[in-house]
Amino acid sequence: MKFGGTSLGDAASVKHVAGLIRKYVQTGYQVVVVSSASSGVTDELLNMCEWSLKDEKLIADRVNALFEKHLYMAEMSIENCGWLNSVLEILNSSKRELEKLLYGIHYVKEITPRIRDYVASFGEVMSTPILWGCLSSVGVKAEWLTGWDAGIVTDSNYGEAKPFIELSKLQLRNKLQPMIDRGIIPVVTGYIAKSQDGSITTLGRGGSDYTATLIAAALKADEVWLWTDVDGLMTADPKIEPSAGTIKELSFEEAVEMAILGAKRMHPRALEPAIADNIAVRIRNTFNPDNPGTLITSKPTEGGDVVKAVTVTRDVGLINVQGFGMVGTPGTAAKIFQILGKANINIMMIAQTVSESNISMVVPRKTLMKAVSLLETTLLGTDLVRSISYESDIAVVAAIGSGMRGKPGTAARIFKAVADEGVNVRMIAQGSSELNISIVVKDDDCEKAVRAIHKAFHLGR
Ligand code: ADP
Ligand code: ASP
Ligand code: MG
């Protein structure tokens, strides 16, 4: 069971979560708990990195505010004094460590990806002991562990570190199975791990989902439950489209498509371990636990609708590479991809016109300027490329469903729906898997586009 930040937002939620876990443990379930940072905390920590560079005076205040929030959460959720004191000790030592780190950043005048991951790790390092304390306080035998203590080892690609799967699974099994056998519930920090040289790494935003599926695969669990604040994976983000409904069942490939394209801010690789070991994943609502949620398996019993869901990915940018020299010159695209690949910049979407004079790409917004300047310095001025332009205020809206395979007219319906709303489409792509059709629109237009497509395919409740 993984509890997202939205399930751990305040003391009442933590208490509620502990009660939920206790209920399942008492009915005979063997459970491993994975905990995210409390909602908003990872963002705040990443922000702290940036302004610590500039403003020394703010450090103590902002660290204090963050810790007050956690102290309050602990005090209001953990009734037993003994457990509370243990948790407060952990929180206080984290506070001192974080403060020193931020002053360090200020004086060194530099944030490296390694330090950023170190700072980001404090969210889970604070929330997890609170959940553990609360569980212990209500009589559940539990122990809390960091992702690295549990056994997860990654490469050193800070910010998006990749676990060494087989090694991590072996170590997870060795560490966690004996605890479970002794009737102890392991409560593990999501999102964070260590590289082989012992530095703290993060698995990428939303990474707690990934931690959970990796642990499930290591232990050959029956199911992974990702507890969140909505009833499951929905036909659209309910915060954008209030009539969005819960999808009862999905295939792994549809769910992967949704995760990659931004649904539920799920980690794009989160489902990989579950797919490899064929473990069912259920997305459930912490605050509506009677709802069965969404079940993701290799063979859903429900048929594939033409379009099952509409997603939006916002933190992205668009790059246009143009030049008549590219026409009929094999290897141009390869050259572009090589330049970006070497710099570890992920290309999320590609389109090329038949005339070959234009290649458009979507990349994560945080890598946009680096990508543009790399392409400019290597390609501009050559015979191949005339101009490189970019847009940073765009979003990708995607319609997803395995039923669109071989079904003519789906794209036409999508374009008509958004055009009727006056939304201009900047770029289009459909993979040959025909699982999704993605369009790039102005960021300001993306919610309108989601609602238009949602309506055109009658996805509302
Ligand atoms: P958690 O803290 O549980 O990991 P996240 O904030 O990462 O939660 O993701 C949950 C949120 O994702 C929901 O509150 C919802 O607003 C949003 N969301 C976006 N698209 C979808 C979708 N298709 N189905 C469900 N939730 C979605
Ligand atoms: N706390 C991390 C994040 O905000 C990981 C997670 O919530 O899954 O991205
Ligand atoms: Mg999440």
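What counts, and at which threshold
Residues numbered from 1 in each chain as written. Chains lettered and ligands numbered in written order. Predicted model: local features only at pLDDT ≥ 70, side-chain atom pairs only at ≥ 80, totals over all residues. Heavy atoms only, no water. Helix = DSSP H or I, 4+ residues; strand = E, 2+ residues; numbered from the N terminus. Buried < 20%, exposed > 50% of the residue type's maximum accessible area, 1.4 Å probe, protein only. Contact = heavy atoms within 4.5 Å. Core = buried A, V, L, I, M, F, W, Y, C linked by side-chain atoms within 4.5 Å. Pairing = 2+ DSSP bridges. Axes fitted to C-alpha atoms, helices over the stretch in contact; angles between N-to-C directions. Parallel < 35°, antiparallel > 145°, perpendicular 65-115°, else oblique. Nonpolar A, V, L, I, M, F, W, Y, C, P; charged D, E, K, R; others polar. Near = heavy atom within 4 Å. Polar contact = N/O pair within 3.5 Å; in protein donor to acceptor, adjacent residues only side chain to side chain. Areas by Shrake-Rupley, 256 points an atom, 1.4 Å probe, with all protein chains shown as cover. 1 Å grid on protein atoms, 1.4 Å probe; cavity = no way out; pocket = protein on both sides within 12 Å on 5 of 7 lines; lining within 4 Å. Points joined across faces, edges and corners; volume = space filled by probe spheres on them.

**Student:** So what exactly am I meant to see when it comes to the side chain of Thr213 here?
**Tutor:** In this structure, Thr213 sits in helix α9 (residues 207–219). By relative accessible area, which is 1% here, Thr213 ends up buried. Apart from residues lying up to four places away in sequence, Thr213 is in contact with Val224, Ala270, Pro273 and Ala274.

**Student:** Sorry if this is basic, but what is going on with the nonpolar core here?
**Tutor:** Generally speaking, soluble globular proteins have nonpolar side chains that are buried together. With 50 residues, the main nonpolar core has Phe3 and Leu98 as its most contacted residues. Residue assignment for this core shows that the elements contributing at least two residues are α1 (11–26), α2 (41–54), α3 (56–77), α4 (81–108), α6 (122–137), β5 (185–189) and β8 (223–228). The leading source of residues in this core is α4, at nine residues. The residues touching Leu98, leaving out its near neighbours within four places in the chain, are Leu45, Met48, Val63, Leu66, Phe67, Val119 and Phe122. In terms of nonpolar packing, the next biggest core, distinct from the first, is built from 43 residues, Ala212, Ile215, Ala218 and Leu219 among them.

**Student:** Quick question: what am I supposed to make of the sheet that holds strand β1 (residues 2–3) here?
**Tutor:** The strands that make up a sheet pair up through hydrogen bonds in the backbone, lying either parallel or antiparallel. The strand order β3-β5-β2-β1-β8-β10-β11-β9 describes an open sheet built from eight strands, whose pairing is mixed. With one partner strand each, in any of the chains shown, β3 (142–145) and β9 (249–251) form the two edges of the open sheet. Inspection of the sheet shows strand β10 (residues 280–285) paired to strand β11 (residues 294–297) by three bridges, in the antiparallel sense. Looking at β11, one finds that Ile283 is bridged to Thr294.

**Student:** Looking at this structure, how should I read unusual backbone geometry?
**Tutor:** When glycine is set aside, most residues are seen to have a negative phi, and most peptide bonds are trans. Located in the positive-phi region is Lys220, a residue other than glycine, with phi close to 50°. Phi is positive for Asn344, close to 65°, though the residue is something other than glycine. Within the secondary structure, Asn344 sits in the loop between α12 (332–342) and β13 (349–352). The exposure class assigned to Asn344 is exposed, which follows from its relative accessible area of 57%.

**Student:** Help me understand the packing of α4 against α6, please; the structure alone is not making it clear to me.
**Tutor:** For any two helices packed against each other, one specifies the inter-axial angle together with the distance between the axes. It is the contact of α4 with α6, at a shortest axis distance of 9 Å, that shows an interaxial angle of 175°. Considered as vectors, α4 and α6 are oriented roughly antiparallel to each other. Contacts between α4 and α6 pair Trp83, Ser86, Val87, Ile90, Leu91, Ser94, Glu97, Leu98 and Leu101 from the former with Phe122, Val125, Met126, Pro129, Ile130, Trp132, Gly133, Ser136 and Ser137 from the latter. Class assignment for the residues of the contact of α4 with α6 results in 12 nonpolar, five polar and one charged.

**Student:** What should I look at first to understand the site of ligand 1 in this one?
**Tutor:** The immediate surroundings of ligand 1 are formed by 18 residues, with Thr228, Asp229, Asp237, Lys239 and Arg265 found nearest. The contact in question runs from an oxygen atom of ligand 1 to an N or O atom on the backbone of Gly5, over 2.9 Å. Lys239 places a side-chain nitrogen or oxygen 2.7 Å from an oxygen atom of ligand 1. Relative to its free-state accessible area of 570 Å², ligand 1 is covered by the protein chains to the extent of 93%.

**Student:** What is the right way to read the layout of surface pockets from this model?
**Tutor:** If a probe as big as a water molecule is rolled over the atoms, it shows which places are left empty. Its boundaries defined by the atoms lining it, the second largest pocket holds a volume of some 470 Å³. Contributing to the lining of the second largest pocket are 19 residues, with Gln30, Val31, Ala221, Asp222 and Glu223 lying nearest its centre. Elements represented by at least two residues in the lining of the second largest pocket include exactly α8 (165–181), α9 and β8. Top contributing element to the lining of the second largest pocket by residue count: α9, with four residues.

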